[in-house]
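# Analysis of the macromolecular model
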Amino acid sequence: MEKYCLGIESTADDFSVGIVTFKGKVLANIISAYMSEEGGIHPREAARHHAIAANKTIREAFEKAQIKPQDLTVIAFSQGPGLGPCLRTGATVARALASYLDVPLVGVNHCVAHIEIGKLATKVKDPITLYVSGGNTIVSAFDSGRYRIFGETLDIALGNCLDVFAREAGLRQREGMPFGAVVEKLASKGKKLVLLPYTVKGMDMSFSGLLTAVVNLLKRGEYRLEDLCYSLQETAFSMVTEVTERALAHTEKKEVLLTGGVAANRRLQSMIEAIAEEHDAKFQVVPKQFALDNGAMIAWTGVLAYKHGIVTPIEKSFVKLRWRLDRVEVPWVK
Amino acid sequence: MGEMKTPVLIKKGAEASLYLAKWHGRKVIMKKRLPKKYRLSRLDEQIRTYRTAHEPRLMHEAKKAGVPTPIIFLVDMKKATIIMEFVDGKQVKQLLDEVSESQRRQLCLKIGELIGRLHKHGIIHGDLTTSNMILDSDGKIFFVDFGLGEKTSELEARGVDLHLMRRALESTHFRFAEECFNAVIEGYSKVLGDNVTKKVLDKIGEIERRGRYIAERKEEA
Ligand SMILES: Nc1ncnc2c1ncn2[C@@H]1O[C@H](COP(=O)(O)OP(=O)(O)OP(=O)(O)O)[C@@H](O)[C@H]1O
Ligand SMILES: Nc1ncnc2c1ncn2[C@@H]1O[C@H](COP(=O)(O)OP(=O)(O)OP(=O)(O)O)[C@@H](O)[C@H]1O
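Residues numbered from 1 in each chain as written. Chains lettered and ligands numbered in written order. Predicted model: local features only at pLDDT ≥ 70, side-chain atom pairs only at ≥ 80, totals over all residues. Heavy atoms only, no water.

## A closer look at the nonpolar core
In this structure, Phe165 and Phe207 of chain A are the most contacted members of the largest nonpolar core, which totals 60 residues. If one sorts the elements of this core by residue count, helix α7 (residues 225-251) of chain A sits on top with 11 residues. Other than its neighbours up to four places away in sequence, Phe207 of chain A contacts Thr137, Thr153, Asp155, Ile156, Ala157, Leu158, Cys161, Ala236, Met239 and Val240 of chain A. Grouped together as the second largest cluster of nonpolar side chains are 38 residues, Leu118, Phe143, Phe176 and Cys180 of chain B included. (Core = buried A, V, L, I, M, F, W, Y, C linked by side-chain atoms within 4.5 Å. Buried < 20%, exposed > 50% of the residue type's maximum accessible area, 1.4 Å probe, protein only. Helix = DSSP H or I, 4+ residues; strand = E, 2+ residues; numbered from the N terminus. Contact = heavy atoms within 4.5 Å.)

The structure is reproduced here in structure tokens:
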């Protein structure tokens, strides 16, 4: 008989429910996005959205997957890292569902889940992963039981940097066109490169100096917005690409996986592709529905963990706001 | 550059290619920063030129601070190339995995002391990894690869520098990362004192807790 896992994702502004089979077939992946008017995340408002959206999203997922709640073997939820109120809402829903159905619960690390679903969706096996989103900027690779962090941001995340700039520039995001995509579109009309702070330290990077500099230039009004978007992208993407290349050179891995919301950016894709080629590595971008925050990734990682005997007792299911990727044992990876 | 004999590529790093060559009768390393196709050429040139000029300067300062670094013989900005002394020795990266526990501790103590000296003189290395440290036959540890370094005594920069050291240990020597880092800190505090060291350690903790949801996402998280 087929076994199923339902996964709940609620680390930030999206509430999402996925259902996958133990063999790795995604039957449902419903995302309910919360988008505040002026952009930016207000954790409590987002959490309120999640609480309201939960019921409907779960129902939709069951309909889509064509299974009944009683068919579930296990329930997974994102336990961290993320925003407290949002995480807690998801965890509460997961706990209630698990105890009602009397099935085990598995707390999943959000960053691990991004990597695992990326591997499932693109069939890469042992990649260097560049995970770039609104809340994370991480270059990692598996080694001896864990995903090790080779490089990360020292301050704000890449997506956050793009978002804040867009907001400062008075741009608007809408459904299907997040701030990053708006910046990308403008950047494609940019011609003139303005030199901005380029900060790589070892394998880490810093975006806050870059953001401050480009916002100051914006306010001075001497440059076209298109050129600023262009320069911001070129500078920031070159930084993450440099770090990814170094990780690739040091680990000699043969695959590169690009994921997270910012992975949708064509310019970034082409840069990462270029270094992959240079090092004879295979390059894969995670398809959008699995690159954004989504429930399927939580469900799938829940399956992997559960199969290795990992469950999370209710009393240990408290959320972990700053749960680092490299603190998680992943015994299912060889 | 004159009289450069038979350069042999010995390492194609992520940033630069390193050649071993004979130059005026000496064994030298020629470090050439190659253009990166993924970067716009103007940005690329700017980065390479800056680092080529910057690296020898910091190496020189480091030496003054009592930290062994290769002697610089020549800098060619146009070609983004540095010619420096070849350090005949072994990468600490390999050594750490081969030696006994007590030797490992001695090495890390020494490394910590050297980092302490750099910081004391306002130098931040910027890329503290065990492959950028070479032990020569006289038992001296040389530091190389200062291209990402800077001159500052800020706590933040010191914290980042040591955080990078810790992470390099964790990602390549995870089996004994902790004992190594503890020894590094012990050596470091011999030079900078317990007070400064404690402040830097606190800073490292803060840095490692960052990286997610700051700016407007911070206040409620
Ligand atoms: N085409 C694009 N180019 C650049 N950035 C983009 C593009 N499309 C989306 N983004 C950015 O992706 C980010 C959102 O991605 P995602 O949903 O993965 O982030 P998140 O909710 O902050 O997730 P996480 O919790 O994983 O950090 C935003 O910063 C958005 O601006
Ligand atoms: N003068 C030298 N003598 C001997 N070995 C050296 C010398 N300079 C560098 N090396 C060795 O070559 C390696 C690469 O040099 P370096 O770190 O300067 O290049 P890189 O391209 O910046 O490397 P990375 O891959 O870290 O970016 C060093 O880790 C070091 O072990």
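So much for the structure itself; the text now carries on.
## Let's talk about the domain arrangement of chain A
All names here are of chain A. Looking at chain A, the domain boundaries give domain 1 (4-114 + 293-327) and domain 2 (124-289). Between the C-alpha centres of domain 1 and domain 2 the distance comes to 27 Å. Taken together, the 17 residues of domain 1 in the interface contact 17 residues of domain 2. Here domain 1 packs against domain 2, burying approximately 1400 Å² in sum over the two surfaces, 55% of which is carbon and sulfur. By the criterion of area lost to domain 2, the three top residues of domain 1 are Met35, His114 and Leu325, representing 38% of everything that side buries. Our count for the contact surface shared by domain 1 and domain 2 stands at one salt bridge. The salt bridge involving Arg324 is made with Glu152; its shortest N-O contact spans 3.1 Å. Among the secondary structure elements, those contributing two or more residues to the side of domain 1 that touches domain 2 are β3 (26-33) and α3 (110-122). (Domains from an automatic or database assignment. Buried area = accessible area lost by both parts, 1.4 Å probe. Salt bridge = Lys/Arg side-chain N within 4 Å of Asp/Glu carboxyl O.)

## Topic: the site of ligand 2
Among the 21 residues in the neighbourhood of ligand 2, the closest are listed as Lys31, Glu85, Gln91, Ser131 and Asp145 of chain B. Chain contributions to the surroundings of ligand 2 come from chains A and B. One of the side-chain nitrogen or oxygen atoms of Asn132 of chain B is found 3.0 Å away from an oxygen atom of ligand 2. In isolation ligand 2 offers 610 Å² of accessible surface; the protein chains occlude 96% of this area. Of all the secondary structure elements, the ones that give two or more residues to the shell around ligand 2 are α7 of chain A together with β2 (16-23), β3 (26-33) and β5 (81-85) of chain B. Residue composition of the shell around ligand 2, by class: 10 nonpolar, five polar and six charged. In this structure, the shell around ligand 2 is formed jointly by two domains, domain 1 (8-85) and domain 2 (89-220) of chain B, each of which donates at least three residues. (Near = heavy atom within 4 Å. Polar contact = N/O pair within 3.5 Å; in protein donor to acceptor, adjacent residues only side chain to side chain. Areas by Shrake-Rupley, 256 points an atom, 1.4 Å probe, with all protein chains shown as cover. Nonpolar A, V, L, I, M, F, W, Y, C, P; charged D, E, K, R; others polar.)

## Quick word on the pairing of strand β1 (residues 4-12) of chain B
All names here are of chain B. Examined bridge by bridge, β1 and β2 share six bridges and lie antiparallel to one another. By the bridge assignment for β2, Leu9 is matched with Tyr19. The antiparallel pairing of β1 with β2 creates a hairpin that spans three residues between the two strands. (Pairing = 2+ DSSP bridges.)

## Some remarks on helix α5 (residues 177-209) of chain B
With 33 residues, α5 of chain B should cover 48 Å at 1.5 Å per step; its first-to-last C-alpha distance of 19 Å lies more than 12% under that length. The axis of α5 of chain B is deflected most strongly, by about 120°, at Gly193 of chain B. (Expected span 1.5 Å × (residues − 1). Bend = angle between axes of the 7 residues up to and from the residue.)

## Observations concerning the interface of chain B and chain A
Interfaces are often described in size by the accessible area the parts lose on coming together. Contacts between chain B and chain A engage 39 residues on the former and 57 residues on the latter. Interface of chain B and chain A: buried area, both sides summed, is about 4200 Å²; carbon and sulfur atoms make up 51% of it. There are nine salt bridges connecting chain B and chain A. In this structure, Glu242 of chain A and Arg39 of chain B form a salt bridge, with 3.5 Å as the shortest nitrogen-oxygen distance. Inspection of the region where chain B meets chain A yields 14 residue pairs in polar contact (both at pLDDT 80 or more). Residue contributions to the side of chain B that touches chain A peak at six residues, all from helix α4 (residues 155-172) of chain B.

## Side note on the domain arrangement of chain B
Residue and element names in this part refer to chain B. In terms of domains, chain B is made up of domain 1 (8-85) and domain 2 (89-220). Distance between the C-alpha centres of domain 1 and domain 2: 22 Å. Contacts between the two partners involve 17 residues from domain 1, matched on the other side by 18 residues from domain 2. Of the roughly 1400 Å² buried at the junction of domain 1 and domain 2 (both faces included), carbon and sulfur atoms supply 68%. Linking domain 1 with domain 2 are two salt bridges, by the criterion used here. A salt bridge links Asp145 to Lys31, with the nearest nitrogen and oxygen atoms 3.1 Å apart. Remark: the boundary between domain 1 and domain 2 carries six residue pairs in polar contact (both at pLDDT 80 or more). Counting residues per element, the ones that place at least two in the side of domain 1 that touches domain 2 are β3 and α1 (41-64). Element by element, the count of residues in the side of domain 1 that touches domain 2 is highest for α1, at seven residues. Residues that form the side of domain 1 that touches domain 2 fall into these classes: seven nonpolar, three polar and seven charged.

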